[in-house]
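Summary of the model geometry
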Amino acid sequence: MKNTTAYTILALAISLFLVNGCTKDQKDQEHSSSESPKEYEGLLISPDSVLKHIEDQLAFGPRNPSSIGHSETMKYLLAYLSTKADTAFLQPFSATVYGKTHEMANIIASFSPEKKDRVLLCAHWDTRPFADEDKDELLRSKPILGANDGASGVAVLMEIANILSKQKPELGIDIILLDGEDLGLSGDLEGFFQGSKYLAVNYPIQKPRYGILLDLVGDSQAEFRYEPVSKQAHSVLVDAVWTIAKKRNSPYFIHENGNSVSDDHVILNQHGIRTINIIDVNLVGNIDPNPRRQYWHTSGDTMVNISSQTLADIGNVLLEFLFTTSQDVF
Ligand SMILES: [Zn+2]
């Protein structure tokens, strides 16, 4: 993902206006989420299990498109989700980026596929083919392991899939692991978001009411702030998720505005699928003052930065949100 420009937000605002036929403010007035959530009595994320889902992905090495790690991980993730979801399948596609054609696939797993009312949970499963932000010039052409940038969001969704295999909320849930998110060169948005671009115009299942994207969700000192593109897309949804986090005393969800970011949610929003992004946005661009947290798009994106507590916390916030919040207002 990349930092956005005002242009992206403007384009998003225009597309949302066209799709919804009314302004965001009108929507917000129609749907106030004053209802207090019920107590969550369901299953919780196992910190050990969710951490292991990252280790299992990293065992395949870098997972950038056209690598062996990529094809092996694709099979692995499909096999895992097939054992947990009601349906799971690949959505293959190819894209040519900087003169090279890559065979890729989004991985789509559905719970209660017969239900018309659906929620999309998504994360990108590919990893970056080059560590272009690395301090060591020799490493900048090498692919990254992507413990946080890629594997963390996937791990949380894998463990949510495990829990959804045992208990289901009222709405149908689709977990979509997106491919080809991180193929772009710095500053060139054309190369990024191949999976969401393909999905948005070739949506193979019932479209959801809304989507929640997870990216960079595993850092031991993660900070999830309100992300402006998400707020603009669906502020009621952002508020509702952060309210659940507050109720759970999550130390990771910060109740203040953060920077905006270009990520898969921008593409989905441009195509009328209102999607918010839960992202540790200060990692992007390595702007965090803490040197330990300056590992984005470098060879340092490894297990050392990851905490099972962060992963479990965000997973539990999502589960409590899905199971206790009335979904009618979204
Ligand atoms: Zn990235």
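Up top is the structure these notes are about.
This one's a predicted model, so the numbers in the text were calculated from it and none came from an experiment. (Residues numbered from 1 in each chain as written. Predicted model: local features only at pLDDT ≥ 70, side-chain atom pairs only at ≥ 80, totals over all residues. Heavy atoms only, no water.)

Concerning the coordination of the zinc ion
The protein atoms that coordinate the zinc ion are D149 (OD), D182 (OD) and H297 (NE2), at distances of 1.9 to 2.2 Å. In primary sequence terms, the donor set of the zinc ion follows D-x32-D-x114-H. Of the two residues, D149 is situated in helix α5 (residues 147–164) and H297 in the loop between β10 (275–279) and α9 (308–324); the sequence distance between them amounts to 148 residues. (Donors = N, O, S within 2.8 Å, 3.2 Å for Na, K, Ca; no water. Helix = DSSP H or I, 4+ residues; strand = E, 2+ residues; numbered from the N terminus.)

Focus on the nonpolar core
The biggest cluster of nonpolar side chains holds 63 residues, and the ones touching the most others in it are I160, I175, I212, V241, I278 and F321. Tallying contributions element by element places α5 first for this core, with eleven residues. With residues up to four places along the chain from it excluded, the contact list for I160 reads I45, L121, I175, G315, L318 and L319. Counting 14 residues, the second largest nonpolar core, distinct from the first, contains F193, L199, Y203 and I267. (Core = buried A, V, L, I, M, F, W, Y, C linked by side-chain atoms within 4.5 Å. Buried < 20%, exposed > 50% of the residue type's maximum accessible area, 1.4 Å probe, protein only. Contact = heavy atoms within 4.5 Å.)

Focus: the sheet that holds strand β6 (residues 210–215)
Read across the open sheet, the six strands follow the order β2-β3-β5-β4-β6-β10; overall the sheet is mixed. With one partner strand each, in any of the chains shown, β2 (87–97) and β10 form the two edges of the open sheet. Adjacent strand axes in the sheet meet at a mean angle of 20°, parallel and antiparallel pairs treated alike. Pairing geometry for strand β4 (residues 118–124) and strand β5 (residues 172–178), over seven bridges, is parallel. Opposite V119, over in β5, you have I173 as the bridge partner. This element, helix α4 (residues 68–84), spans β2, β3 (100–111) and β5 of the sheet and lies at about 10° to β3. The strands touched by helix α7 (residues 228–247) are β6 and β10; relative to β10, the strand with the most contacts, the crossing angle is about 60°. (Pairing = 2+ DSSP bridges. Axes fitted to C-alpha atoms, helices over the stretch in contact; angles between N-to-C directions.)

Notes on the packing of aromatic side chains
One pass over the structure, following the stated rule, counts ten aromatic pairs. Seen in terms of ring centroids, F93 and Y198 are 5.0 Å apart; in terms of plane orientation they differ by 15°. Their pairing is stacked. In this pair, F93 is assigned in strand β2 and Y198 in helix α6 (residues 194–201), connecting sequence segments 105 residues apart. What makes F93 buried here is its relative accessible area of 6%. Judged by its relative accessible area of 29%, Y198 falls in the partly exposed class. (Phe/Tyr/Trp six-rings, centres within 6.5 Å; stacked < 30°, edge-to-face > 60°.)

Re the environment of K142
Within the element layout of this structure, K142 appears in the loop between β4 and α5. The spacing of K142 and F130 is twelve residues in sequence and 4.8 Å in space, taken between C-alpha atoms. Other than its neighbours up to four places away in sequence, K142 contacts P129, F130 and A131.

Function cannot be inferred from these measures alone, as they are strictly geometric.
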